[in-house]
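Residues per chain are reported as follows:
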Amino acid sequence: MFIDASYEGDLIALAGVSFTFGREGTNVYGESLNGVRPPATAHQFTVNVDPYVVPGNPASGLLPFVQAGTGGTPGDTDQRIQAFNYRLCFTQNATNKLPHVVPPNYNPARYELLGRLLDARVAAGDSLTINNFF
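Residues numbered from 1 in each chain as written. Predicted model: local features only at pLDDT ≥ 70, side-chain atom pairs only at ≥ 80, totals over all residues. Heavy atoms only, no water.

Enquirer: What exactly am I supposed to notice about unusual backbone geometry here?
Expert: Among all residues save glycine, negative phi is the norm, and among peptide bonds the norm is trans. In this structure, Phe-65 is a non-glycine residue whose phi angle is positive, near 75°. Relative to the elements of secondary structure, Phe-65 occurs in the loop between β2 (57-62) and α3 (112-123). With relative accessibility at 59%, the residue Phe-65 sits in the exposed group. Although it is not a glycine, Asn-105 adopts a positive phi angle of roughly 65°. (Helix = DSSP H or I, 4+ residues; strand = E, 2+ residues; numbered from the N terminus. Buried < 20%, exposed > 50% of the residue type's maximum accessible area, 1.4 Å probe, protein only.)

Set out below in structure tokens:
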């Protein structure tokens, strides 16, 4: 027996262990906070952000990682993967420092939504600091 304490469940997948993903509905175990969640300002954008590749043009398609639709009915089961976070590890120890480099296959379109969110928050009068993101 082992415990996969990796954030993404990598060990389970590599070990060939059966697993499930997504959210169980509220009716599966009688837990009121399971399943698709209703909109909540603590977990949603607080400003409008244009989701289209060409701003204002639905025919241009959606930005990467933006899905059409409502996201589901609150409390329902889904087969989606939880939103991802970016982890940054920095140090002041000179012997542990590495240069910042553009990774292979970097695609700036994958970060366009974040840039638009930042622009929209600044336009709405938010004074953003690094602490807003931790």
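Enquirer: Quick question: what am I supposed to make of the pairing of β2 here?
Expert: Side chains on a regular strand alternate between the two faces of the sheet. Sheet topology places strand β1 (residues 52-54) next to β2; 2 bridges connect them, and they run antiparallel. Note on β2: the bridge partner recorded for Tyr-52 is Leu-62. In this antiparallel pair of consecutive strands, β1 and β2, the connection spans 2 residues, and Gly-56 shows a positive phi of 80°. (Pairing = 2+ DSSP bridges.)

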